[in-house]
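One letter stands for each residue in the lines below.
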Amino acid sequence: MPADARQTLHKTLQLVDLSSLSISSVGPIFSVAAAGSAMVQAAGAAVPLAIVLIAIPFLLCSWIFLSLNQHFPNAGASYHWSRRIMGIDYSNFQAWIVIMAYFWSIPPILIPAARFTLEALGVPHPGAGLQIVVATFWALFAAGVLLLGARITARVTQIFLLIEIVSVAFMAIVGYSHWGPPAVGAGSFSLRHIHWAGVIVCMVVAATIVDGWEIDSYASEESRKPRITPGWGGIIGAVSVVLYYLLIWPLLLHQVPLDQLQNSSDTLSLWAATVSPQLLPWMRIAIIASTAGGLWLTTFILSRALFAMSRDRVMPEWLGRLNRGHVPYWSVILPILLAMAVVLMQVFFPSMRDLFNLVLSAAGFFLVAEFLLDGINMMGFLLLQHRSVRHHFRAHHHAGLLLGSLVVIISLSAVEVLFFIYGPKYIAVGIDQTVGVFLLLGILYVLWLRWRKTGQGIYVFDELELQED
């Protein structure tokens, strides 16, 4: 392996950094503002139910991630674990899933980032050119934050996260102090009138707003205690954002008419304008902070995954090259450039807009698929590799992990199957074919890596791991 590929990432992050990254990576305020309308269109007043249902396997996944981090800390996280547990071909397919999940999550952040920024500046109906300029600014800003190193990334993230936390607190204080009777046309939840097909689709959309907490696993090589703190930061992040949503959504559904929520491009600004107009400027600033953090942290996850793949020769070697700040700079720059290319094609080529909207809508499917594969990884590890699993469940607390893995596999498999059934009706016609094409491309990618016959490896980043194997 080339010498520069063996350069190590700086171990600078502590638990408070990892938990900050995990919460901010989810971007809870941005997620509600940008995805809220689609969720209400699918599930109506049952949006909180959809969030709880998808949160259950995700919270179990955070426990799984904690265990896998303790055994196999690595910048590749999910990709690396499957390589160690299930084998190279399986891992290469999961590499494809990881790339699809995170790359197609970046372009949908750039245009909202531009739109929210321009609205805050008093430009409610900007032209395409101006949106591109502001989107480019945020892309460059995100790249700049990441290229300065993990420690700087964590510090900038914490500043933006503080704005988000304060805004949620203000929203709760103002919202619940103005609770009162429901707004005319507000959604009313009833167990007897749940539209389950819409709830299922909403769960897939909600997967895109509940994920992100796993960033601390991809930052494990940059943690000062790579076997202890990664995983815990993710649990803190996952629990925190679910609590955020269960605090925010009752306010939206109680205080804003359902039809307005369904047709709004920014549900949180709509809520602020309805309940407390003086809060609107602050809410817009909070949305921008949340959007920006989600942009560079989604790119962070993808960059570390690509870095790990390059060390194993699954991806080109140059994606693993580090700059002076020990950041895999090409793994940061390339996704940002490609995401901007997608945005430009969406804006300037109307004939391609529908195609890209379909592809971007598929990101939720691949995010769910990633966690489904991790449930399989955990079960494979417990049943096939861990020497004490068959005889010492209680002593090693693996009975719970095995059950959790089974719940994750069954529940997320059901969500993926139901996505194929209901997706064309509630998301877009052709979404099934789009997802199917990308899955087929993933299989072809695995076969191509086999045909290429380049010596792939399994990079273990510290000496302690080598001794244990």
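Up top you'll find the structure we're talking about.
Overview of the structure. (Residues numbered from 1 in each chain as written. Predicted model: local features only at pLDDT ≥ 70, side-chain atom pairs only at ≥ 80, totals over all residues. Heavy atoms only, no water.)

A few points about the overall build of the protein
Across its full length, the protein carries 21 helices and zero strands. By the compact-globule yardstick of 23 Å for 469 residues, the protein fits well, its C-alpha radius of gyration being 21 Å. Projecting the C-alpha coordinates of the protein onto the three principal axes gives extents of approximately 65 × 50 × 40 Å. Looking at the 469 residues of the protein, the share that counts as buried comes to 59%. Working note: accessible area of the protein is about 18,600 Å², and carbon and sulfur atoms make up 68% of it. (Helix = DSSP H or I, 4+ residues; strand = E, 2+ residues; numbered from the N terminus. Rg over C-alpha atoms; globule rule 2.2 N^0.38 Å. Buried < 20%, exposed > 50% of the residue type's maximum accessible area, 1.4 Å probe, protein only. Areas by Shrake-Rupley, 256 points an atom, 1.4 Å probe, with all protein chains shown as cover.)

Details of the packing of aromatic side chains
For the structure shown, the criterion picks out 25 aromatic pairs. Feature note: the residues F103, W104, F365, F366, F419, F420 and F438 constitute an aromatic cluster, connected by ring pairs. The aromatic ring of F300 is capped on one face by R304, whose charged end is 3.9 Å from the ring centroid. (Phe/Tyr/Trp six-rings, centres within 6.5 Å; stacked < 30°, edge-to-face > 60°. Lys NZ or Arg CZ within 6 Å of the ring centre and 35° of its normal.)

Focus: the packing of helix α2 (residues 28–43) against helix α14 (residues 280–311)
Look at α2 against α14: their axes get within 7 Å of each other, and the N-to-C directions meet at 105 degrees. Comparing their axes, α14 and α2 come out roughly perpendicular. Contacts between α2 and α14 involve P28, I29, F30 and A33 from the former and A286, I287, S290 and T291 from the latter. (Axes fitted to C-alpha atoms, helices over the stretch in contact; angles between N-to-C directions. Parallel < 35°, antiparallel > 145°, perpendicular 65-115°, else oblique. Contact = heavy atoms within 4.5 Å.)

Focus: a nonpolar patch on the surface
A cluster of nonpolar side chains, V52, I56, L246, L403, L406, V407 and I410, forms an exposed patch at the surface whose accessible area comes to about 560 Å². Of all the secondary structure elements, the ones that give two or more residues to the nonpolar patch are α3 (47–71) and α19 (398–426). When residues in the nonpolar patch are grouped by element, the largest group, four residues, is from α19. The topology assignment puts L403 in helix α19. With relative accessibility at 54%, the residue L403 sits in the exposed group. (Patch = residues over 30% accessible without salt bridge, like charges linked within 9 Å, V, L, I, M, F, W, Y side chains within 5 Å. Salt bridge = Lys/Arg side-chain N within 4 Å of Asp/Glu carboxyl O.)

Side note on α19
For α19, which comprises 29 residues, the first-to-last C-alpha distance of 39 Å matches the rise-based estimate of 42 Å (1.5 Å per residue) to within 8%. Along α19, the sharpest change in direction is near 45 degrees and occurs at F420; proline P424 comes one to four residues later. Buried within α19 we find H398, L401, L402, G404, S405, V408, I409, L412, V415, E416, F419 and G423. (Expected span 1.5 Å × (residues − 1). Bend = angle between axes of the 7 residues up to and from the residue.)

Comments concerning the environment of L270
Within the secondary structure layout, L270 lies in helix α13 (residues 267–275). L270 sits in the buried class, given a relative accessible area of 18%. Measuring from C-alpha to C-alpha, the distance between L270 and T117 comes to 16 Å, with 153 residues separating the pair along the chain.

Considering the environment of G325
Structurally, G325 can be placed in the loop between α14 and α15 (329–348). G325 gets classed as partly exposed once you look at its relative accessible area, which sits at 28%. C-alpha separation for the pair G325 and F300, spaced 25 residues apart in sequence, amounts to 14 Å. Other than its neighbours up to four places away in sequence, G325 contacts H10 and G149.

Comments concerning the pattern of salt bridges
In the structure shown here, the tally under the stated rule is six salt bridges. The salt bridge partner of R450 is D89, with a shortest N-O separation of 2.7 Å. One end of the pair, R450, is in helix α20 (residues 431–452); the other, D89, is in helix α5 (residues 88–103), and 361 residues separate them in sequence. Relative accessible area serves as the criterion here: at 54%, R450 is assigned to the exposed category. Look at D89 and you get partly exposed, because its relative accessible area is 28%. For the salt bridge of R321 with E317, the shortest nitrogen-to-oxygen distance reads 3.2 Å. Residue classification places R321 among the partly exposed residues on the basis of a relative accessible area of 32%.

Side note on the nonpolar core
With 156 residues, the main nonpolar core has M39, W104, W249, L268, W271 and M309 as its most contacted residues. Looking at this core, the element that brings in the most residues is α14, giving 17 residues. In this structure L268 touches I29, V32, A33, M171, I248, L252, M283 and I287, once residues within four positions along its chain are discounted. (Core = buried A, V, L, I, M, F, W, Y, C linked by side-chain atoms within 4.5 Å.)

Considerations on the side chain of T291
Among the structural elements, T291 can be located in helix α14. With sequence-adjacent residues up to four places away left out, T291 is seen in contact with F30, I109, A113 and F116.

Focus on unusual backbone geometry
In this model, A77 sits at a positive phi of 45 degrees, which is unusual for a non-glycine residue. Assignment of secondary structure puts A77 in the loop between α3 and α4 (78–85). The phi dihedral of H326 falls on the positive side, at around 60 degrees, and the residue is not glycine. Tracing the backbone shows H326 in the loop between α14 and α15. The exposure class of H326 is partly exposed, given its relative accessible area of 22%.

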